[in-house]
Amino acid sequence: MATVNLYPNATDSNDFTLSTGSDAHTLVRDNHTVPVAMDSNYLSATASGKNCLLGLDDFTQDHSSIDGVQLVLRAGNDSRAKTYDIETKLMPAGIGAAYYTESTGTETSNRFYKTHTFTNRLAADGSTAWNNTLIDGLRLYVKLDAHSGGTFKFTQAYVIVTYTEPLATDNSVFF
């Protein structure tokens, strides 16, 4: 099996504070690995209820099957003894119910971002197989569901698509 990461490429809506620039999706494409306080590209909030809806790159790989879709976020709060909870949803193109909703649960503060890896979903709604149309329309919803103080930040969001590559055909002729 092979994997590809789909990164945000459009901002449908955003209530978070931008660290710089005007596009939320550009701020959550990088992987910032030094302490939270040293990051310059992130979305932030000081109160719960902030959310954003981001469009994702298209899936363009040749494949024989799409085997799973998994969301990854890097987020944190470096204020001492604070907590947060992030709610995430993978949404279809246009208007429709979320394919799934998942939460981090209560997370404690840390001076470094935490990587939140959510469940690998084998089907879009529990039974419908993933296909190019479903994946190409994916949108990512992120909401700061609970926040006990300080400044929450998230610096990266992406979706891992696991797929099976097509079988190679050998057209050689044997004599």
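All of these numbers come straight from a predicted model, not from anything done at the bench.

**Student:** So what about the overall build of the protein chain? Which residues, and what values?
**Tutor:** Counting secondary structure elements, the protein chain contains two helices and twelve strands. The N-to-C order of helical and strand elements in the protein chain reads β-β-β-α-β-β-β-β-β-β-β-α-β-β. Considering the protein chain as a whole, with its 175 residues, one finds that 46% of them fall into the buried category. For the protein chain, long-range pairs separated by at least 24 residues make up 78% of all intrachain contacts whose partners lie at least 6 apart in sequence. Surface exposure of the protein chain reaches about 8,700 Å², of which carbon and sulfur atoms provide 47%. Averaging the locations of the 12 positively and 19 negatively charged side chains of the protein chain gives two centres separated by 14 Å.

**Student:** Before we move on, can you summarise the nonpolar core with the specific residues and values?
**Tutor:** With 38 residues, the main nonpolar core has W130, I135, L138 and F154 as its most contacted residues. Considering every element that reaches this core, the biggest residue donor is strand 12 (residues 152-164), with six residues. With residues up to four places along the chain from it excluded, the contact list for F154 reads F16, V28, Y42, L43, C52, L73, R74, A75, Y113 and V142.

How each quantity is defined
Residues numbered from 1 in each chain as written. Predicted model: local features only at pLDDT ≥ 70, side-chain atom pairs only at ≥ 80, totals over all residues. Heavy atoms only, no water. Helix = DSSP H or I, 4+ residues; strand = E, 2+ residues; numbered from the N terminus. Buried < 20%, exposed > 50% of the residue type's maximum accessible area, 1.4 Å probe, protein only. Contact = heavy atoms within 4.5 Å. Areas by Shrake-Rupley, 256 points an atom, 1.4 Å probe, with all protein chains shown as cover. Lys, Arg positive; Asp, Glu negative; His and termini not counted. Charge placed at Lys NZ, Arg CZ, Asp CG, Glu CD. Core = buried A, V, L, I, M, F, W, Y, C linked by side-chain atoms within 4.5 Å.

Taken by themselves, the reported measurements are silent on function.
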